[in-house]
Amino acid sequence: MGLLVDIKKRIKDFTLDVAFETYGDYIGILGASGCGKSMTLKCISGIETPDEGRIVLNGKVLFDHVKKINLKPQERNIGYLFQNYALFPHMTVEENIGIGLSCSKTEKEEKVSGMIASFHLQGMEKKYPNQLSGGQQQRVALARCIAYRPDVLLLDEPFSALDSHLKEQLQTEVLELLKLYHGEVLMVTHSRDEAYRFCKNLVIIDKGSSVLFGDTKGIFEQPRLLAAARLTGCKNISECEVMSPQRISAVDWDITLETEKTVPEKTKYVGIRAHEFEMIDADRAKEEKNTLKCRVSNIVEDVFEYNIFLENKILYKVKKVEWDSIKDKENLYLKIPEDSILLLEKQK
Amino acid sequence: MDLSPILISLKTASAAIAVTFLLGLFVASWIVKMKSEKTKMVLDGILTLPMVLPPTVVGFFLLIIFGVNRPIGKFLLDFMSVKIVFSWAATVIAAVVIAFPLMYRSARGAFEQVDQNLIMAARTLGMSETRIFWRIVMPLALPGVAAGAILSFARGLGEFGATAMIAGNIANKTRTLPLAIYAEVAAGNMQTAAYYVIVVLVISFIVVVSTNYFATKERKYIK
């Protein structure tokens, strides 16, 4: 079990250059909009042809520009869930699910009704896609892919077409439904929450190039690269200068940070997640290292937390209870815990 | 009143639409799949030309191709004993050539409007290209294709210039309704001409109304 992708393709504004290898897990491709994520999926499924490289799925070569192998999408056995689901509008739910099946009529009916039951679509067999809600359409599209028993399932921004209040519920539902499918799942997303929730491993794509590949939790804890830090939602990023192996100066924030571990020489940026500051009092601030005193410039209230914008442009997200309990709401003493200092390189 | 022009016209238009329909669909789907935009543009130009040229110019070219002293016409006559010019077949050929662009353009437009994602999805579901064409592309393009077919039928029925040049105006053989109207007026028989005019009017009206019907017909899957 495994998928190897190593492809290059010239597109209008940039060159897609993606390489990663997976072993039968849930993989996320995380990248900003328009960075070539969907194009990567299209190349894997055979809808688009890369200029060069190789794609191998479970030992079967799907594409190899040296050996001039390029299987048609029909021969690749890859399930593709389109962003807008691409349900056939002139076919009913059962026709949509059954269209890709090539077997006897009775067998087909059996399979389709099985899929309808497992995807909670009973009673909708004769309905057309436009008579269904977004979530139901998604289930039909997923059932259609899975009924066909693909070797790998590609999900292209599976939740972007849904209302935000439905998203949470549907994500859990889809996660449950995906258990019906025993195979590899490759999901493209620009949402760090989806990536974190669904995917065991992550590929980070920045301007067409896959810059990082690894364990999701590891990448979120230590993104290592500027692009990865941004995509995993790090709000505070500053250019920095390495002063000594254990001291860096964050230029944009005008502070010096000390670290216990040695700072890699190539470190060009430093990042701190907005949640990870620790509010301390003035006395403690004198004793501890990596503390900063700063003035609040703006406060934006969210549902469960406040966004505190500090004068040196740092964003601090704090729970409401915590913020309400402090007296001086203009001058803050913040401690930056050692673990939350993200040392970032610009490029691979 | 001689009924033969009506019969000849209906026969010609029916035979012509059968050929035009299949040819138009085939060429349109071939052009849509074509990758090079330049070749597409040039071919599209050539295929659309009969629609914008005066029909007599088309008739002129048809004579050059099928005339008995021309290579193709001579070949057909010598080896197959088929004489195209001034035969009933010539009325069909003229109608096909003149009506073809209408069918081709309507079909092409309808095919191009089918969401590409649906075709890609069908491919990833393992459907063959032929199956995709008949199960996905055709049903979704049907309103446009049907409208194109009806318009082509009407155009074939009304064909005059190219028919006159290649098929002539032989009563009971190649005299279609438009030619009959012309001949009757030329002979001063306004009344007979008027009968033919009424027949053409009725058929054309039915055609236009049914085009509108197909264009706006409610489909279950469209809200």
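Structure's up top.
Here is a short report on the structure shown in this document. (Residues numbered from 1 in each chain as written. Chains lettered and ligands numbered in written order. Predicted model: local features only at pLDDT ≥ 70, side-chain atom pairs only at ≥ 80, totals over all residues.)

1. So, the overall build of chain A
For step 1, the next point in the chain: For chain A, the count of helices and strands is 11 helices and 21 strands.
For step 2, the next point in the chain: C-alpha extents for chain A along the principal axes are approximately 80 × 50 × 35 Å.
For step 3, the next point in the chain: Looking at chain A as a whole, 40% of its 348 residues qualify as buried.
For step 4, the next point in the chain: Across chain A, the fraction of contacts at a sequence separation of at least 24, relative to all contacts at a separation of at least 6, is 64%. (Helix = DSSP H or I, 4+ residues; strand = E, 2+ residues; numbered from the N terminus. Buried ≥ 20, exposed ≤ 12 C-beta atoms within 10 Å, placed from the backbone. Contact = placed C-beta atoms within 7 Å.)

2. Examining the interface of chain B and chain A
For step 1, the next point in the chain: With 16 residues of chain B in contact, the opposing surface of chain A contributes 20 residues.
For step 2, the next point in the chain: Those elements that provide at least two residues to the side of chain B that touches chain A are α6 (116-124) and α7 (129-157) of chain B.
For step 3, the next point in the chain: Broken down by element, the side of chain B that touches chain A gets its largest block of residues, 6 residues, from α6(B).
For step 4, the next point in the chain: Here the residues of the side of chain B that touches chain A are counted per class, giving 9 nonpolar, 4 polar and 3 charged. (Nonpolar A, V, L, I, M, F, W, Y, C, P; charged D, E, K, R; others polar.)

3. Looking at the sheet that holds strand β12 (residues 236-244) of chain A
Residues and elements named next belong to chain A.
For step 1, the next point in the chain: Pairing is antiparallel in the open sheet, where 5 strands are placed in the order β14-β13-β12-β15-β21. Only two strands of the sheet have a single partner each, and these edge strands are β14 (255-258) and β21 (342-344). Adjacent strand axes in the sheet meet at a mean angle of 35° when their direction is disregarded.
For step 2, the next point in the chain: With 4 bridges joining them, β12 and strand β13 (residues 247-250) adopt antiparallel strand pairing. Bridging from a neighbouring strand, Cys240 pairs with Ala250 of β13. (Pairing = 2+ DSSP bridges. Axes fitted to C-alpha atoms, helices over the stretch in contact; angles between N-to-C directions.)

4. A few points about the sheet that holds strand β17 (residues 291-301) of chain A
For step 1, the next point in the chain: Strand order in the open sheet formed by 5 strands is β16-β20-β17-β18-β19 (chain A), with antiparallel pairing between adjacent strands. This sheet does not close on itself; its edge strands, each paired only once, are β16 (278-279) and β19 (315-319) of chain A.

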